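What follows is the residue order along each chain.
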Amino acid sequence: MNRCGHVARRLDGYGPAHLRVVEPGVRGNDDIAAVASAVSAKDLRRVFKGTLIAAGGFTADSAHRMIEAADADLVALGRLFISNPDLPERLRAGAPLNRYDRSTFYGGDARGYTDYLFHSAAPVM
Ligand SMILES: Cc1cc2nc3c(=O)[nH]c(=O)nc-3n(C[C@H](O)[C@H](O)[C@H](O)COP(=O)(O)O)c2cc1C
């Protein structure tokens, strides 16, 4: 295993509350071409025994698959949470998700953070 694996193994010895890993394919808030050699949560699972959280480009389905395969203990959703203030309820109900607007990320004001509609408030088309 590469340097990330070495660090994760050493970290494990200190018993941190959790380790969160952003999967290859996401850098910052951008989707990028995944590098084949990049380390994913699945790789680190073998050396890190504490609570492992995977993040990066997950959907409800891929998150479930990750947990079922025991490749991580938890999956974090970032951008979808920004654009869906009621994300858990939407996922439970299988409701459609609001798309996020990248141009408002790190925008410096409330636009794009507090103005996404709840599903119950969405206009019926
Ligand atoms: C606006 C914005 C701010 C973020 N800020 C942080 C941060 O401060 N620290 C961090 O570790 N990750 C940060 N992230 C990355 C997210 O935690 C997450 O790893 C990333 O968005 C990939 O997950 P996603 O595909 O579910 O969005 C941020 C992402 C966005 C879109």
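For the chain, an unreviewed UniProt entry supplies the name N-ethylmaleimide reductase and the organism Paraburkholderia fynbosensis.

When the pLDDT values of the chain are averaged, the result is 89; 94% of them are 70 or greater. Across the chain, strand S5 (residues 74–76) holds the top mean pLDDT of 97, while strand S2 (residues 26–27) sits lowest at 75.

Now for the site of the ligand. What surrounds the ligand is a group of 15 residues, the closest being Arg 20, Gly 57, Gly 78, Arg 79 and Tyr 106. Contact distances for the ligand include 2.7 Å between an oxygen atom and a backbone N or O atom of Gly 78. The side chain of Arg 79 places a nitrogen or oxygen atom 2.6 Å from an oxygen atom of the ligand. Alone, the ligand offers 610 Å² of accessible surface; in the complex the protein occludes 67% of this. For the ligand, the cavity whose grid points lie within 2 Å of the majority of its atoms is the largest pocket. Split into classes, the residues belonging to the shell around the ligand amount to 8 nonpolar, 5 polar and 2 charged. Taken domain by domain, the makeup of the shell around the ligand includes at least three residues from each of domain 1 (1–77) and domain 2 (79–119).

Residue position: Arg 79 is located in helix H4 (residues 79–83). Beyond its immediate chain neighbours, meaning those up to four positions away, Arg 79 contacts Val 26, Asn 29, Asp 30, Asp 31, Gly 57, Tyr 100, Arg 102 and Phe 105.

So, on to unusual backbone geometry. The residue Ala 70 is not glycine, and still its phi comes out positive at about 60°. Tracing the chain through its elements places Ala 70 in the loop between helix H3 (60–68) and S5. Among the residues examined, Ala 70 registers a relative accessible area of 47% and is labelled partly exposed. Backbone geometry at Tyr 106 places phi at a positive 55°, although glycine is not the residue there.

Cut-offs used in this document
- Residues numbered from 1 in each chain as written.
- Predicted model: local features only at pLDDT ≥ 70, side-chain atom pairs only at ≥ 80, totals over all residues.
- Heavy atoms only, no water.
- pLDDT = per-residue confidence, 0-100.
- Helix = DSSP H or I, 4+ residues; strand = E, 2+ residues; numbered from the N terminus.
- Near = heavy atom within 4 Å.
- Polar contact = N/O pair within 3.5 Å; in protein donor to acceptor, adjacent residues only side chain to side chain.
- Areas by Shrake-Rupley, 256 points an atom, 1.4 Å probe, with all protein chains shown as cover.
- 1 Å grid on protein atoms, 1.4 Å probe; cavity = no way out; pocket = protein on both sides within 12 Å on 5 of 7 lines; lining within 4 Å.
- Sits in = over half its atoms within 2 Å of the grid points.
- Nonpolar A, V, L, I, M, F, W, Y, C, P; charged D, E, K, R; others polar.
- Domains from an automatic or database assignment.
- Contact = heavy atoms within 4.5 Å.
- Buried < 20%, exposed > 50% of the residue type's maximum accessible area, 1.4 Å probe, protein only.

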